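These are the residues of each chain, in order.
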Number of protein chains: 4
Amino acid sequence: MRRLLLTGFEPFQQLAANSSGDVAQFLDQKEIGGYRIVGRVLPVVFEEAGSLMERWMEEVTPAAVLSLGLAAGRCEITPERFALNWQEGPDSSGSACPGRKIEPEGDAAYYTTLPLQRIVERMKGYGLPASISNTAGVYVCNYIFYQTLHRLHRREETLPAGFIHLPAGHTLLLKTEGLAYPSWPEGDLIRGVSLAIEAMGAG
Amino acid sequence: MRRLLLTGFEPFQQLAANSSGDVAQFLDQKEIGGYRIVGRVLPVVFEEAGSLMERWMEEVTPAAVLSLGLAAGRCEITPERFALNWQEGPDSSGSACPGRKIEPEGDAAYYTTLPLQRIVERMKGYGLPASISNTAGVYVCNYIFYQTLHRLHRREETLPAGFIHLPAGHTLLLKTEGLAYPSWPEGDLIRGVSLAIEAMGAG
Amino acid sequence: MRRLLLTGFEPFQQLAANSSGDVAQFLDQKEIGGYRIVGRVLPVVFEEAGSLMERWMEEVTPAAVLSLGLAAGRCEITPERFALNWQEGPDSSGSACPGRKIEPEGDAAYYTTLPLQRIVERMKGYGLPASISNTAGVYVCNYIFYQTLHRLHRREETLPAGFIHLPAGHTLLLKTEGLAYPSWPEGDLIRGVSLAIEAMGAG
Amino acid sequence: MRRLLLTGFEPFQQLAANSSGDVAQFLDQKEIGGYRIVGRVLPVVFEEAGSLMERWMEEVTPAAVLSLGLAAGRCEITPERFALNWQEGPDSSGSACPGRKIEPEGDAAYYTTLPLQRIVERMKGYGLPASISNTAGVYVCNYIFYQTLHRLHRREETLPAGFIHLPAGHTLLLKTEGLAYPSWPEGDLIRGVSLAIEAMGAG
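**Some remarks on the relation of the copies chain A and chain B**
- Aligned on chain B, chain A shows an RMSD of 0.0 Å; the corresponding rotation is 180 degrees and the shift along the axis is 0.0 Å. Taken together, these values place the two copies in the relation of a two-fold axis. Residue proline 182 of chain A of chain A places its C-alpha closer to the rotation axis than any other residue of that unit, at 2.3 Å.
- Interface residue correspondence from chain A to chain B reaches 100%, placing this contact among same-surface, isologous pairings.

**Describing the relation of the copies chain B and chain C**
- Its rotation angle being 180 degrees, the transformation that places chain B on chain C also includes 0.0 Å of axial translation and leaves an RMSD of 0.0 Å.
- The overlap is high: 100% of the interface residues of chain B also sit at the interface in chain C, so the same surface is used on both sides.

**Structural notes on the sheet that holds strand 1 (residues 2-9) of chain B**
Residue and element names in this part refer to chain B.
- Strand order in the open sheet formed by six strands is 2-3-1-4-10-5, with mixed pairing between adjacent strands. Each of the sheet's edge strands pairs with one partner strand only, and the pair in question is strand 2 (31-32) and strand 5 (78-79).
- Sheet topology places strand 4 (residues 64-70) next to strand 10 (residues 161-166); six bridges connect them, and they run parallel. Considered in strand 10, the bridge of serine 67 is made with phenylalanine 163.

**Here we look at unusual backbone geometry**
- The phi torsion at glutamine 29 of chain A lies on the positive side, around 75 degrees, for a residue other than glycine.
- Looking at the element boundaries, glutamine 29 of chain A is found in the loop between helix 1 (19-27) and strand 2 (31-32).
- Notably, threonine 61 of chain D is not glycine yet its phi reads approximately 35 degrees, a positive angle.
- Of note, threonine 61 of chain D is situated in the loop between helix 2 (46-60) and strand 4 (64-70).

**Examining the pattern of salt bridges**
Residue and element names in this part refer to chain A.
- The full count for this structure, using the stated rule, is 37 salt bridges over all chains.
- With its nearest N and O atoms 3.3 Å apart, the salt bridge here joins glutamate 47 to arginine 100. In this pair, glutamate 47 is assigned in helix 2 (residues 46-60) and arginine 100 in strand 8 (residues 96-100), connecting sequence segments 53 residues apart.
- Across the pair arginine 151 and glutamate 58 runs a salt bridge, and its minimum N-O distance is 3.1 Å. Highlighted residues: arginine 151 in helix 4 (residues 140-155) and glutamate 58 in helix 2, separated in sequence by 93 residues.
- For arginine 151, a relative accessible area of 5% translates into the label buried.
- Since its relative accessible area comes to 44%, glutamate 58 is described here as partly exposed.
- Overlapping salt bridges bring together Glu54, Glu58, Arg151 and Arg155 as one network.

**Quick notes on the confidence of the model for chain A**
- With 100% of its residues at a pLDDT of at least 70, chain A reaches an overall mean of 96.
- Interface confidence for the predicted complex, given as ipTM, is 0.92, next to a pTM of 0.95.

**What to know about the arrangement of the chains**
- Taking C-alpha atoms only, the smallest gap left between chain A and chain C, which are not in contact, amounts to 10 Å.
- No interface is formed between chain B and chain D, the nearest pair of C-alpha atoms being 10 Å apart.

**Quick word on the sheet that holds strand 5 (residues 78-79) of chain D**
Residue and element names in this part refer to chain D.
- Taken together, six strands build an open sheet; the order of strands is 2-3-1-4-10-5 and the sheet is mixed. Two strands bound the open sheet, and with one partner strand each, they are strand 2 (31-32) and strand 5.
- Two elements, strand 1 (residues 2-9) and strand 4, share four bridges in a ladder whose sense is parallel. What sits directly across from leucine 5, in strand 4, is valine 65.
- Running at roughly 155 degrees to strand 4, helix 6 (residues 186-201) makes contact with strand 1, strand 2, strand 3 (35-42), strand 4 and strand 10 (161-166) of the sheet.

**Observations regarding the packing of helix 2 of chain D against helix 4 (residues 140-155) of chain D**
All names here are of chain D.
- Interhelical geometry of helix 2 versus helix 4 gives an angle of 40 degrees and a closest axis separation of 10 Å. Here helix 4 runs oblique to helix 2, going by the angle between their axes. Handedness of the helix 2/helix 4 crossing: right-handed. Residues Phe46, Glu47, Ala49, Gly50, Met53, Glu54, Met57 and Glu58 of helix 2 form the contact with helix 4, whose participating residues are Val140, Tyr143, Ile144, Thr148, Arg151, Leu152, Arg154 and Arg155.

**Considerations on helix 1 of chain A**
- For helix 1 of chain A, the full list of buried residues reads Ser19, Ser20, Gly21, Val23, Ala24 and Leu27 of chain A.
- Glutamine 29 of chain A lies just past helix 1 of chain A and shows a positive phi near 75 degrees.

**Concerning the environment of glycine 50 of chain C**
All names here are of chain C.
- Mapped onto the fold, glycine 50 is located in helix 2 (residues 46-60).
- In the structure, glycine 50 is positioned 93 residues away from tyrosine 143 in sequence and 7.7 Å away in space, judged by C-alpha atoms.
- When sequence neighbours within four positions are dropped, the list of residues in contact with glycine 50 reads Tyr143 and Ile144.

**Some remarks on the interface of chain A and chain B**
- On the side of chain B, 18 residues touch chain A, which itself brings 18 residues to the contact.
- Where chain A abuts chain B, roughly 1300 Å² becomes buried across the two surfaces, and 66% of that area is made up of carbon and sulfur atoms.
- For the pair chain A and chain B, the interface holds two salt bridges.
- Of the charged contacts, one joins lysine 124 of chain A and glutamate 177 of chain B as a salt bridge, the two residues approaching to 3.8 Å between their closest N and O atoms.
- Secondary structure elements with two or more residues in the side of chain A that touches chain B: helix 5 (170-175) and strand 12 (183-184) of chain A.
- Looking at the side of chain A that touches chain B element by element, the count peaks at three residues for helix 5 of chain A.
- Classifying every residue of the side of chain A that touches chain B gives 11 nonpolar, three polar and four charged.

**A look at the packing of aromatic side chains**
- Counted according to the given criterion, the structure contains 24 aromatic pairs over all chains.
- With a centroid separation of 5.0 Å and 40 degrees between ring planes, the pair formed by tyrosine 110 of chain B and tyrosine 146 of chain B is classed as tilted. You can see tyrosine 110 of chain B sitting in strand 9 (residues 109-111) and its partner tyrosine 146 of chain B sitting in helix 4 (residues 140-155), a full 36 residues away along the chain.
- Look at tyrosine 146 of chain B and you get buried, because its relative accessible area is 0%.
- Look at phenylalanine 46 of chain D and tyrosine 143 of chain D: their rings are 5.3 Å apart centre to centre, the planes differ by 75 degrees, and that puts the pair in the edge-to-face class. Residue phenylalanine 46 of chain D is found in helix 2, and its partner tyrosine 143 of chain D is found in helix 4; the two are separated by 97 residues along the sequence.
- An aromatic cluster is defined as three or more aromatic residues linked by ring pairs; in this entry it consists of Phe12, Phe46, Tyr139 and Tyr143 of chain A.
- One Lys or Arg, arginine 81 of chain A, reaches over the ring of tryptophan 86 of chain D and ends 3.5 Å from the middle of that ring.

**Some points on the interface of chain B and chain C**
- The partner chain C presents 14 residues to the 14 residues of chain B that form the contact.
- Of the roughly 1200 Å² buried at the junction of chain B and chain C (both faces included), carbon and sulfur atoms supply 64%.
- On the chain B side of the interface with chain C, the three residues burying the most area are Trp86, Ala108 and Tyr111 of chain B, jointly 38% of the side's total.
- Where chain B packs against chain C, one counts two salt bridges.
- A salt bridge links arginine 81 of chain B to glutamate 88 of chain C; the shortest N-O distance between them is 3.9 Å.
- Linking chain B with chain C are three residue pairs in polar contact (both at pLDDT 80 or more).
- Looking at which element gives the most residues to the side of chain B that touches chain C, the answer is strand 9 of chain B, with three residues.

Conventions we followed
Residues numbered from 1 in each chain as written. Chains lettered and ligands numbered in written order. Predicted model: local features only at pLDDT ≥ 70, side-chain atom pairs only at ≥ 80, totals over all residues. Heavy atoms only, no water. Least-squares fit on C-alpha atoms with pLDDT ≥ 70 in both. Contact = heavy atoms within 4.5 Å. Pairing = 2+ DSSP bridges. Helix = DSSP H or I, 4+ residues; strand = E, 2+ residues; numbered from the N terminus. Salt bridge = Lys/Arg side-chain N within 4 Å of Asp/Glu carboxyl O. Buried < 20%, exposed > 50% of the residue type's maximum accessible area, 1.4 Å probe, protein only. pLDDT = per-residue confidence, 0-100. Axes fitted to C-alpha atoms, helices over the stretch in contact; angles between N-to-C directions. Parallel < 35°, antiparallel > 145°, perpendicular 65-115°, else oblique. Left-handed = near helix turned anticlockwise from the far one by under 90°. Buried area = accessible area lost by both parts, 1.4 Å probe. Nonpolar A, V, L, I, M, F, W, Y, C, P; charged D, E, K, R; others polar. Phe/Tyr/Trp six-rings, centres within 6.5 Å; stacked < 30°, edge-to-face > 60°. Lys NZ or Arg CZ within 6 Å of the ring centre and 35° of its normal. Polar contact = N/O pair within 3.5 Å; in protein donor to acceptor, adjacent residues only side chain to side chain.

Below is the structure:
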C-alpha cells in the first residue's frame, strides 16, 4: 500500500500541548484514502527538523507528504498555498535565527502540490470550518514545508506534498491558565486531517 | 420535577446562526441535574425580549433560570459574574438604543446567583475550556441578565439565575464566507451547557 | 486654584513602559481647565496602590480625581463607566489575588461621576479616537477606580472622579521586540488627557 | 533630479478613509532623500490599478518605486518582503476575483528590492514602531507589488521597488462609528514614509 508521511510538531515555547504532533501520532499506521499513514513528530528546531524530514523521506519513500503545524490564533483548518524561502525566529534549541533564506539558490517561493480546493470543500462538507491560507509564516512550519517542496522540485518529483495549519486543541487551553486561543476538540482535528488525506488520495 | 427556564437568542445582524438559541431548543424538555428544562428562544430586541422573559417567568415558575448568548470572538464558555444597569446599541428591531439605564432606580450592577466556580470546574473537568467573565456587555444579553436579577432582587427571591456566553458553533462559520471567529462543534456547546446545569442542580 | 489628583501606573509584568504613569508625570504641576494638576505614579500592587491613593486624597484634598491606566490592546482612549466590586489576578508584588470583592459591604458597582459623553466628544473634536468603555477589568486599574468611588459614596461627596484607559505609547513597542499592540505617539496621549481634564473643568 | 513614483490607494469597502492615498497625495512634488516624489492614488480594482501603474511607469521613468497600502489591523508600519503570484477577492469594481495567478508564467514570488532592514531601523530610530512583514496578502496591494517586481524582473532592471503597509490614520476611526483598528495620527504616517524614502535614497 502507498505510504503517506504525516508529520506534526512537539509542544514549544510556552505552549504545553501541540495538536499537530498529537494528530500525527494518533493517525500513525492507520489506513486512510488508500494510504498507509506513517506518523512522525518533529522537534521545533530548524536544522534538526530538516534533517529528520530528509531521513524519513529516504526511509519511508512516501507517495505523499503532509506536514501539520499548530497555528495558535487561527479559527479554521488552513491548508497552505505558498512555501516561502525565508526562516526566522527563536526555535526550541535556545538559539534564534536572525532571518535568512532557507536555500540561498532556491526559488523565492513554491506552490504546494496539494489539491487545496478539494481539501477545503471536503472538510466543510463534513461540518468543519476550513479555508486556504496563503501564508505559513517564516518559522519552523514554513521551513519544513519549503524544504519538502524544494527537494521535490530539485528531483523533479511530483508527489502531492504540502502543509496544513491546525487550530489549537482544547487540551492546550485546559493545560494553560489564561490562554485565549480558538480551540477545537481533538477529535475534530483528527477528523479534519483524515478528510484532507482522503481528498489527497481521491485525486 | 423542578423546572429550569433556559433561554437562547435568534440569529442577529450579519450572523446567520446563533448557537445559544440552538442549544436552548435542543435541550428543551430534557431532564438534567434534577431539572426539567424549558427551552425558549428570544429575539434580539431589547423590550420585546424583556417582555417575553417576564411572561415565561410567570408561566414556568422556574426553580432556576439560565440565559445563554453568543459571544462571537470568545474562545471559551464563559459564565458571567456581573449584570450591568446599562443598555445600548442597535437591536434587530431596526432601531438603536442610544445608551441608558435599564432600570432608572435599579442598582448599578447585580452579581449572578449561579455557582460560577463550580460550573467552570465541571466544564473543564470534562475537557471543555471555560472561565468566568466579568462582563456581559451592554447589549440584549446583558439586558436579559440584568432584568432577571433585578426581578429576583425586587421580589427577594433567591433562585440560581444567570447568564452564560457561548463561542460560535461551527455552523456559523460554515454559513458565512470570510468570518473569523473561534467556533466549536455544536455538540460541545450542548455538552457544556448540560454540565453547567448539572453544576447548578448539585448545589 | 482647585487641585486635580491625576494618577497613572508604573510599568508592570513584561511591559517595559506604561503610558499612564508617563502622562501623569508629564502633566504634574500644569494648569489645565481651571485645575492645578497633582500628578502621581502608582505601583501595580492592589493594597499598596489603595493605601497611597487614600493618603494622597487626604494630602491633596482634590476637587477632582482622574486615574489613568494602560489598556494594552485597545485602539482608543476610553473613559470608563462602571467600577466593579471585584479584584483578581497576580500583581507586581509577586502574589496573586484569587478573586474576591474589594469591599465586602460595598455596592456591586458604581457609576463614574465623570462627564463621559463630553470627554469623548471633546477628544474626537480634536482628532483623537475615543469611546466610552463599560469595563475597566478586575485588575489594579478597576481596584483604584472602585476604591475612589466607594470613598466618595461613603462620605457623600460628589467630585468628578473616574478612570480613563489609554492605548500604549509608541515607546512600549519600541522597547519590546515582537509586541503587537495598537500604540500612539506619547504626545497624542498627553493631549487626549488634557482635553479630558478641560471637559471635566467645563462642567 | 531622480523621480520616485509613490502610490497609495483610494478608500474601499466600508472604510471611509485610506491613509495610503492621503500620504501619497501629501508627499507629491516634495523632495526627499534625493528624489522628487511623484505621488499618485490608485483605485482598489485589480486590472485598472495594474494599467495605471504600467502607464505611470512609462510616463515617470522613476528611479525608484514605492507603493503604499492600508493594512487595517496592523500596529506598525510594515515594509513587505515577498510579493506573491496570486490575486483573490472582491475589489471596488463590484466583481470578485475567485483566485488565480497574477502572471501564469511568472515566478511564485519575488523578493522586494527595498533595503528592508535599513528602512525599519530608520523609522524605529525616529520613534515609530516598524517591522518587516513577509506577507502583503493576495488583494490589490499585493497585485500592484507583484506586477511592479515582475516588470522589473522581465526587463532586468534593478530599481529599488517595493511595498509598505501602513496602519490606519486616526481619521478613519473618527469617520466610522464602532471601528476598532489600531490608528496613528496622519502626521506620523507621513513622517514614517518620508523616513523610508530617505533610507531608500541613502543606499
